[in-house]
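Summary of structural features
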Amino acid sequence: QVQLIESGGGLVQTGGSLRLSCATSGLTFRLYDMGWFRQAPGKEREFVAAISSGGRSTYYGDSVEGRFTISRDNAKNTVYLQMNSLNPEDTAVYYCAADTLQDRVRRGSARYWGEGTLVTVSS
(Lines give C-alpha, C1' and ligand atoms only; values in the text may rest on other atoms or scores of the structure.)
Protein backbone atom coordinates (compact mmCIF):
# COMPACT_ATOMS: atom_id res chain seq x y z
CA GLN A 1 0.00 0.00 0.00
CA VAL A 2 0.96 3.63 -0.30
CA GLN A 3 3.23 4.95 2.41
CA LEU A 4 4.56 8.43 3.08
CA ILE A 5 6.99 8.56 5.98
CA GLU A 6 8.41 11.85 7.22
CA SER A 7 11.69 12.11 9.08
CA GLY A 8 14.15 14.75 10.20
CA GLY A 9 12.11 16.58 12.79
CA GLY A 10 13.48 17.47 16.17
CA LEU A 11 14.45 20.27 18.50
CA VAL A 12 16.38 23.24 17.16
CA GLN A 13 17.19 26.71 18.45
CA THR A 14 15.94 29.92 16.92
CA GLY A 15 17.92 30.69 13.79
CA GLY A 16 18.84 27.09 13.17
CA SER A 17 18.10 24.76 10.29
CA LEU A 18 16.56 21.37 9.70
CA ARG A 19 15.96 19.24 6.65
CA LEU A 20 12.84 17.11 6.54
CA SER A 21 12.49 14.09 4.30
CA CYS A 22 9.42 12.27 3.09
CA ALA A 23 10.11 8.83 1.70
CA THR A 24 7.33 7.34 -0.40
CA SER A 25 6.47 3.88 -1.61
CA GLY A 26 3.58 2.19 -3.34
CA LEU A 27 2.96 4.96 -5.86
CA THR A 28 4.45 6.09 -9.15
CA PHE A 29 6.31 8.95 -7.57
CA ARG A 30 7.21 10.77 -10.79
CA LEU A 31 3.50 11.30 -11.54
CA TYR A 32 2.69 12.97 -8.21
CA ASP A 33 2.79 16.55 -7.11
CA MET A 34 4.05 16.76 -3.54
CA GLY A 35 3.48 19.18 -0.73
CA TRP A 36 4.27 20.02 2.86
CA PHE A 37 1.77 21.24 5.45
CA ARG A 38 2.09 22.00 9.11
CA GLN A 39 -0.18 22.29 12.10
CA ALA A 40 0.69 23.94 15.38
CA PRO A 41 -1.26 23.41 18.61
CA GLY A 42 -4.49 25.38 18.55
CA LYS A 43 -3.99 26.56 14.98
CA GLU A 44 -5.36 25.56 11.61
CA ARG A 45 -3.44 23.44 9.17
CA GLU A 46 -1.20 25.66 7.05
CA PHE A 47 0.19 25.24 3.57
CA VAL A 48 3.98 25.31 3.57
CA ALA A 49 5.27 24.33 0.14
CA ALA A 50 4.51 22.31 -2.97
CA ILE A 51 6.47 21.00 -5.91
CA SER A 52 5.35 19.76 -9.30
CA SER A 53 5.83 16.17 -10.35
CA GLY A 54 8.91 16.94 -12.42
CA GLY A 55 10.37 19.33 -9.85
CA ARG A 56 10.40 22.37 -12.15
CA SER A 57 7.76 24.42 -10.30
CA THR A 58 7.66 25.23 -6.60
CA TYR A 59 5.20 27.15 -4.43
CA TYR A 60 5.46 28.47 -0.90
CA GLY A 61 3.24 29.80 1.80
CA ASP A 62 3.73 33.44 2.68
CA SER A 63 5.09 32.66 6.13
CA VAL A 64 7.99 30.56 4.83
CA GLU A 65 8.84 32.23 1.53
CA GLY A 66 12.56 32.86 1.32
CA ARG A 67 13.40 30.62 4.28
CA PHE A 68 12.24 27.16 3.21
CA THR A 69 13.07 25.23 0.06
CA ILE A 70 11.21 22.21 -1.26
CA SER A 71 12.94 19.74 -3.56
CA ARG A 72 12.55 16.18 -4.75
CA ASP A 73 14.64 13.29 -5.97
CA ASN A 74 12.53 11.17 -8.26
CA ALA A 75 15.21 8.48 -8.36
CA LYS A 76 14.82 8.07 -4.60
CA ASN A 77 11.05 8.61 -4.43
CA THR A 78 11.67 11.26 -1.81
CA VAL A 79 10.69 14.88 -1.26
CA TYR A 80 12.60 17.23 1.02
CA LEU A 81 11.98 20.44 2.92
CA GLN A 82 15.03 22.48 3.82
CA MET A 83 14.14 24.87 6.64
CA ASN A 84 16.44 27.76 7.48
CA SER A 85 16.22 30.71 9.86
CA LEU A 86 13.76 28.88 12.04
CA ASN A 87 11.79 30.71 14.69
CA PRO A 88 9.36 29.53 17.38
CA GLU A 89 6.39 30.22 15.10
CA ASP A 90 7.62 27.37 12.91
CA THR A 91 6.98 24.89 15.71
CA ALA A 92 4.45 22.39 14.40
CA VAL A 93 3.88 18.89 13.17
CA TYR A 94 4.91 18.79 9.53
CA TYR A 95 3.11 16.53 7.08
CA CYS A 96 3.87 15.59 3.51
CA ALA A 97 1.13 15.03 0.97
CA ALA A 98 0.85 13.53 -2.51
CA ASP A 99 -1.67 13.77 -5.32
CA THR A 100 -1.64 13.68 -9.10
CA LEU A 101 -3.56 17.00 -9.16
CA GLN A 102 -1.62 20.00 -7.96
CA ASP A 103 -4.66 21.95 -6.82
CA ARG A 104 -5.60 19.17 -4.43
CA VAL A 105 -2.15 19.30 -2.90
CA ARG A 106 -2.22 23.06 -2.41
CA ARG A 107 -5.77 23.06 -1.03
CA GLY A 108 -4.90 20.43 1.54
CA SER A 109 -7.10 17.75 0.00
CA ALA A 110 -4.39 15.45 -1.31
CA ARG A 111 -5.15 11.78 -1.56
CA TYR A 112 -2.17 10.57 0.45
CA TRP A 113 -0.67 11.89 3.66
CA GLY A 114 2.12 10.97 6.00
CA GLU A 115 1.69 10.80 9.75
CA GLY A 116 3.90 13.79 10.42
CA THR A 117 7.15 14.72 12.10
CA LEU A 118 7.42 17.20 14.96
CA VAL A 119 9.59 20.28 14.66
CA THR A 120 10.17 22.28 17.83
CA VAL A 121 12.02 25.59 17.73
CA SER A 122 13.14 26.95 21.08
CA SER A 123 13.35 30.66 21.79
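From a predicted model like this one, the values you see are computed outputs, not experimental measurements.

With that settled, consider the pattern of salt bridges. According to the stated counting rule, one finds 5 salt bridges in the structure shown. Among the ionic pairs, R38 bridges to E46, the shortest N-O distance being 2.8 Å. When its relative accessible area of 5% is taken as the criterion, R38 is described as buried. The salt bridge involving R38 is made with D90; its shortest N-O contact spans 2.8 Å. Residue R38 is found in strand β4 (residues 33–39), and its partner D90 is found in the loop between β8 (78–83) and β9 (92–99); the two are separated by 52 residues along the sequence. Comparing R38 with D90 shows no difference in burial state: the two are buried. Counted as one network, the salt bridges with shared partners bring together R38, E46, R67 and D90.

Time to look at the side chain of T78. Counting through the fold element by element, T78 comes out in strand β8. In this structure T78 comes out as buried when scored by relative accessible area, which is 8%. Within the structure, the side chain of T78 is placed 2.8 Å from the backbone oxygen of K76, a separation counted as a polar contact. Apart from residues lying up to four places away in sequence, T78 is in contact with S21, C22, A23, F29, R72 and D73.

Reading the values: rules and limits
Each residue is numbered by its place in its chain's sequence as written, counting from 1. In keeping with the predicted nature of the model, local features appear solely for residues at pLDDT of at least 70, side-chain atom pairs appear and are counted solely at 80 or more, and the whole-chain, interface and lining totals rest on all residues. Hydrogen atoms and water are omitted, and side-chain values are computed over all heavy atoms in the structure. For salt bridges, the criterion is a side-chain nitrogen of Lys or Arg within 4 Å of an Asp or Glu carboxyl oxygen. Exposed residues in this analysis have more than 50% of their type's maximum accessible area, buried residues have under 20%, and partly exposed residues fall in between, with area computed by a 1.4 Å probe over protein chains only. Under the scheme used here, helices are H or I runs from DSSP no shorter than 4 residues and strands are E runs no shorter than 2 residues, and both carry numbers assigned from the N terminus. Any N or O atom pair separated by 3.5 Å or less is treated as a polar contact, with the protein-specific requirement of one donor-capable and one acceptor-capable atom, and with residues adjacent in sequence counted only for side-chain atom pairs. Note on definitions: a residue-residue contact is assigned when non-hydrogen atoms from the two residues lie within 4.5 Å.

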